[in-house]
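Residue strings, one per chain:
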Amino acid sequence: MKHERQVALLKQAFEHIDANTTPMWDSLYWNPAERYTCPDHFRLEMAGLFGGKVPLLAGFSPDLPTPGSWFTCELPGAPLFLTRAADGSVKAFLNICRHRGSRLVGFELDAEGHFLQHRGQSHSAFTCPYHAWTYNTGGKLIRHANDMNGFNQLQGKIDSGEFNLIDVACLETEGMLLVRPQGKEPIDAQRDTFGMHSRMGEFGFGNFHFYQEVFWDFAANWKLLIETFMEGYHIAALHRNTLAPKFRCYPVIYECFGPHALFPLTRKSITEQRDRPESEWSVLKHASTVFSVSPHAVLNIPMDGHMELWDFQPLDVGRTRARVRFYIPRPVQSEAEEARWIKSWKVSTEVISGEDFTQQQNIQINLATGRIPGVVFGQNEPLLSHYHRELGKLTGVPDAQLP
Ligand code: FES
Ligand SMILES: [Fe+2]
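Bear in mind that the values here come from a model prediction, so they are computed numbers and not experimental data.

## Considering the domain arrangement of the chain
Per the domain assignment, the segments making up the chain are domain 1 (3-52 + 195-395) and domain 2 (56-186). Just the C-alpha atoms count here: the centres of domain 1 and domain 2 sit 31 Å apart. The interface of domain 1 with domain 2 comprises 23 residues on the first partner and 20 residues on the second. Elements that contribute at least two residues to the side of domain 1 that touches domain 2 include exactly helix 3 (39-50), helix 6 (196-201), strand 13 (209-218), strand 18 (307-316) and strand 19 (319-328). It is helix 6 that provides the largest number of residues to the side of domain 1 that touches domain 2, a total of four residues. Residue composition of the side of domain 1 that touches domain 2, grouped by class: eleven nonpolar, ten polar and two charged.

This is the structure we're talking about:
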């Protein structure tokens, strides 16, 4: 983040700290319970948010370090994989073989039916595990051997590309990988991120290295999991033994870019620098910088220099698969460095999955009883109101009236 931007954010934070205030939303915001529990509402979300209208953040350039590298990106109705072609460009394909529909990469399952492999390296082609139809990294069907000429009648269509992998629009920009789950309308970074891509790009994502990832399934609506990242109000209570000793609940200074937002969650140490010259001020050393990349991803950049991408795959209205990826600024070079990243990984994942997501699962159980009509976001939780209002614009569901 540019230094002058950090100074501006800090000045704003210090003003709020002096006045014991925080940026406030213009009114309370009411969110009916069915937005977390109703299958019809869930269907509207899948169509409006994941149906191709808006591009989504799929990952970062370090997810595809070399030509032929690939990773899977599971979206509702769009099991995708992204790969880097021989010319260095990034492509996104449906992970569906055009013969009889097998998954093409990352097809092995564990005993519980979860996919085992989410990334890998191919050499020059992707070969289907079922009958070995083979596609090059540009998605072109290049081989269907051992078929006893059983597809001769299809040869014309094969030659004209009709049985190539189905691709969707994707874009690599500022070290980010954006993908459109359906359709080929080109992605425009400025238009589709409302300019946030350049703010994110200041972090130099292209220079990071993928470290590790984990997937978890939670019995909670996908939006509940995202909401945990969007306010500091809960830190004092829910995280009283973990984050609260170091982090401030308030102020949550934020900046919105269309449906997306940037907000540093500040540490108590942030005020220590007030008496030093502005040239020495830093937000990044005293905050976790969070980007909400609507609708389904949150990027957290804590002080220690790594970054973590949390994204959420809605499975059904009350079930969500969370994926967290850790990226580090350089490959691990010593045992001490490795130990540091392991510790950092443990802290982030244990607090967020063990405290936040456990909490959200108990909310889901309660909302599903239908015994309360909805939930209310305070004016001190502005990013929740902003997030839901923006989702409503895409699903066609306007703000609800406070009962
Ligand atoms: S399903 Fe892929 S080769 Fe048969
Ligand atoms: Fe939290």
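## What to know about the nonpolar core
Counting 87 residues, the largest nonpolar core has Leu80, Leu82, Cys170, Leu178 and Val179 as its most contacted members. The biggest single contributor to this core is strand 19, with five residues. Residue assignment places this core across two domains, with domain 1 (3-52 + 195-395) and domain 2 (56-186) each supplying three or more. Not counting residues within four places of it along the chain, the set of residues in contact with Leu82 comprises Ala58, Gly59, Leu64, Trp70, Phe71, Cys73, Val90, Lys91, Ala92, Cys170, Leu177 and Val179.

## Some thoughts on the packing of helix 3 against helix 10 (residues 382-395)
One way to put it is that helix 3 packs onto helix 10 with a least axis distance of 8 Å and a crossing angle of 90 degrees. When the axis of helix 3 is compared with that of helix 10, the two are roughly perpendicular. In this structure, helix 3 uses Leu44, Glu45, Gly48 and Leu49 to contact helix 10, whose residues at the interface are Leu391, Leu394 and Thr395. Across the contact of helix 3 with helix 10, the residue classes tally to four nonpolar, two polar and one charged.

## Regarding the pairing of strand 15 (residues 260-266)
Strand 15 sits mainly inside the fold: seven of its seven residues count as buried. Note: strand 14 (residues 255-257) against strand 15, three bridges, orientation antiparallel. Opposite Cys256, over in strand 15, you have Ala261 as the bridge partner. Hairpin geometry of strand 14 and strand 15 is characterised by an intervening segment of two residues between the two adjacent antiparallel strands and by a positive phi of about 55 degrees at Gly258. In terms of strand pairing, strand 15 meets strand 16 (residues 287-293) through six bridges, oriented antiparallel. In the strand pairing of strand 16, Leu265 is matched with Ser288.

## Here we look at the sheet that holds strand 10 (residues 167-168)
The antiparallel open sheet is built from five strands, whose spatial order is 6-3-4-5-10. Across the chains shown, the open sheet's two edge strands, defined by having one partner strand only, are strand 6 (119-121) and strand 10.

Scoring rules and cut-offs
- Every chain's residues receive numbers from 1 upward, in the order its sequence appears when written.
- Each chain takes a letter, starting from A, and each ligand takes a number, starting from 1, following the order in which they are written.
- Per-residue local features of the predicted model are confined to residues with pLDDT of at least 70, and side-chain atom pairs are confined, for both listing and counting, to 80 or more; whole-chain, interface and lining totals are unaffected and use all residues.
- Marked domain ranges trace back to an automatic or database domain assignment.
- Here, residues touch in the contact sense if the C-beta positions derived from the backbone fall within 7 Å of one another.
- Helical segments are the DSSP runs of H or I of at least four residues, strand segments are the runs of E of at least two, and each set is numbered from the N terminus.
- Each residue receives one of three labels: charged for Asp, Glu, Lys and Arg, nonpolar for Ala, Val, Leu, Ile, Met, Phe, Trp, Tyr, Cys and Pro, and polar for the others, Gly being one of them.
- Each nonpolar core reported here comprises buried Ala, Val, Leu, Ile, Met, Phe, Trp, Tyr and Cys residues connected via C-beta atoms within 7 Å.
- With C-beta atoms placed from the backbone, a residue counts as buried when 20 or more other C-beta atoms lie within 10 Å of its own, as exposed when 12 or fewer do, and as partly exposed for counts between those limits.
- To obtain each axis, a line is fitted to C-alpha atoms, and for helices this fit is confined to the stretch in contact; angles are then taken between N-to-C directions over 0 to 180 degrees.
- Roughly parallel means an angle under 35 degrees; roughly antiparallel means over 145; roughly perpendicular covers 65 to 115; every other angle is labelled oblique.
- Paired strands are those between which DSSP finds at least two bridges.

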